[in-house]
Amino acid sequence: MADLFDVIADPTRRELLRALLEQTEAPDGAGEASVGELVTKLSLSQPTVSKHLKTLREFSIVSVREQGQHRYYRLEPAQLAPIAEWLGAFVKPVVAAADPVSDETVAVAAASPRHPLSPRIRATAVRLGAASAGVTGRFRRSR
C-alpha cells in the first residue's frame, strides 16, 4: 500500500485521476478520455500526461483501450480500495462523534460530484476541511 500512496502523492497524477473521475460521471457515460483530451483539459504537455498515465497504468489504477493510434484511459476505482479502507478507520470515529453534521454541510457534500463515500461522510470531510483551513489560517497569522 505504501507504493500506492507514493503513486497518488504526485499532484499531476491526482489531477489526472480527478479528470478521469469526472469522465466516469459524465452524462454521456463514456467513462474514458483520450490522452489528447486530458492534455487539453489539464493544460499539460502530452509527454507529461503520458508519463503519469503510464505510472497509473502500472498500478492498475487506470486501464487503457487502444483504438487505432488513439489510447483511451478509464479510471479503475476498485484499485484504490486499500486506501479507502485504510482511511475509513480514521473517518469512522469522526462520523460517529456526537457533534452532528449540519444540514448545510450535508447539502454542500450532496452538491459535490458523486463519490463512493456516503453524503454524511462527505459532509464530515467538508466540515473537517473547513476546520483545518481555519486552524491553518490562524497558524499562518501567528507566525
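The preceding data block contains the structure.
Overview of the structure. (Residues numbered from 1 in each chain as written. Predicted model: local features only at pLDDT ≥ 70, side-chain atom pairs only at ≥ 80, totals over all residues. Heavy atoms only, no water.)

## Some points on the overall build of the protein
Here's step 1: Per the secondary structure count, the protein includes 7 helices and 3 strands.
Here's step 2: Reading the protein from its N terminus to its C terminus gives the helix and strand order α-α-β-α-α-β-β-α-α-α.
Here's step 3: Sorting the 143 residues of the protein into buried and exposed places 26% on the buried side. (Helix = DSSP H or I, 4+ residues; strand = E, 2+ residues; numbered from the N terminus. Buried < 20%, exposed > 50% of the residue type's maximum accessible area, 1.4 Å probe, protein only.)

## Some remarks on helix α3 (residues 35–42)
In an α-helix, one full turn covers 3.6 residues, which means residues spaced three or four apart are oriented alike.
Here's step 1: Looking at α3, one finds that the buried residues are Val35, Leu38, Val39 and Leu42. One side of α3 carries all its buried residues, which in axial view fall inside an arc of 105°.
Here's step 2: Ser43 sits one or two residues past α3 and shows a positive phi near 55°. (Arc of directions from axis to C-beta.)

## Some words on the pairing of strand β2 (residues 62–67)
Note on strand geometry: in a regular strand, side chains alternate between the two faces of the sheet.
Here's step 1: Two strands pair when backbone bridges link them, and β2 and strand β3 (residues 70–75) are joined in this way by 6 bridges, in the antiparallel orientation. Bridging from a neighbouring strand, Glu66 pairs with Arg71 of β3.
Here's step 2: In textbook terms, the turn of a hairpin is the stretch between consecutive antiparallel strands, and for β2 and β3 this stretch comprises 2 residues, one of which, Gly68, has a positive phi near 65°. (Pairing = 2+ DSSP bridges.)

## Overview of the nonpolar core
Here's step 1: Judged by nonpolar contacts, the single largest core of 20 residues is most densely connected at Leu20, Leu38, Leu53, Leu56 and Ile61.
Here's step 2: Of all elements in the fold, only α1 (2–9), α2 (11–24), α3, α4 (46–58) and β3 reach the threshold of two or more residues within this core.
Here's step 3: When sequence neighbours within four positions are dropped, the list of residues in contact with Leu20 reads Ala33, Leu38, Leu53, Val62, Tyr73 and Leu75. (Core = buried A, V, L, I, M, F, W, Y, C linked by side-chain atoms within 4.5 Å. Contact = heavy atoms within 4.5 Å.)

## Observations concerning the environment of Thr24
Here's step 1: Summarising the element assignment, Thr24 is placed in helix α2.
Here's step 2: Looking at Thr24, the relative accessible area reads 37%, which means it is partly exposed.

## A closer look at the sheet that holds β3
Here's step 1: Strand order in this open sheet of 3 strands is β1-β3-β2, and the pairing throughout is antiparallel. Looking along the sheet, the strands with just one partner apiece sit at the ends: β1 (32–34) and β2. Averaged over all pairs of adjacent strands, the angle between their axes in this sheet comes to 30°, without regard to strand direction.
Here's step 2: Pairing of β1 with β3, which is carried by 3 bridges, proceeds in the antiparallel orientation. Across the sheet, residue Ala33 finds its bridge partner in β3, namely Tyr73.
Here's step 3: Across the sheet, α3 touches β1 and β3, and the angle it forms with β1 is around 85°.
Here's step 4: On the sheet, α4 packs against β2 and β3 and is oriented at approximately 115° with respect to β2. (Axes fitted to C-alpha atoms, helices over the stretch in contact; angles between N-to-C directions.)

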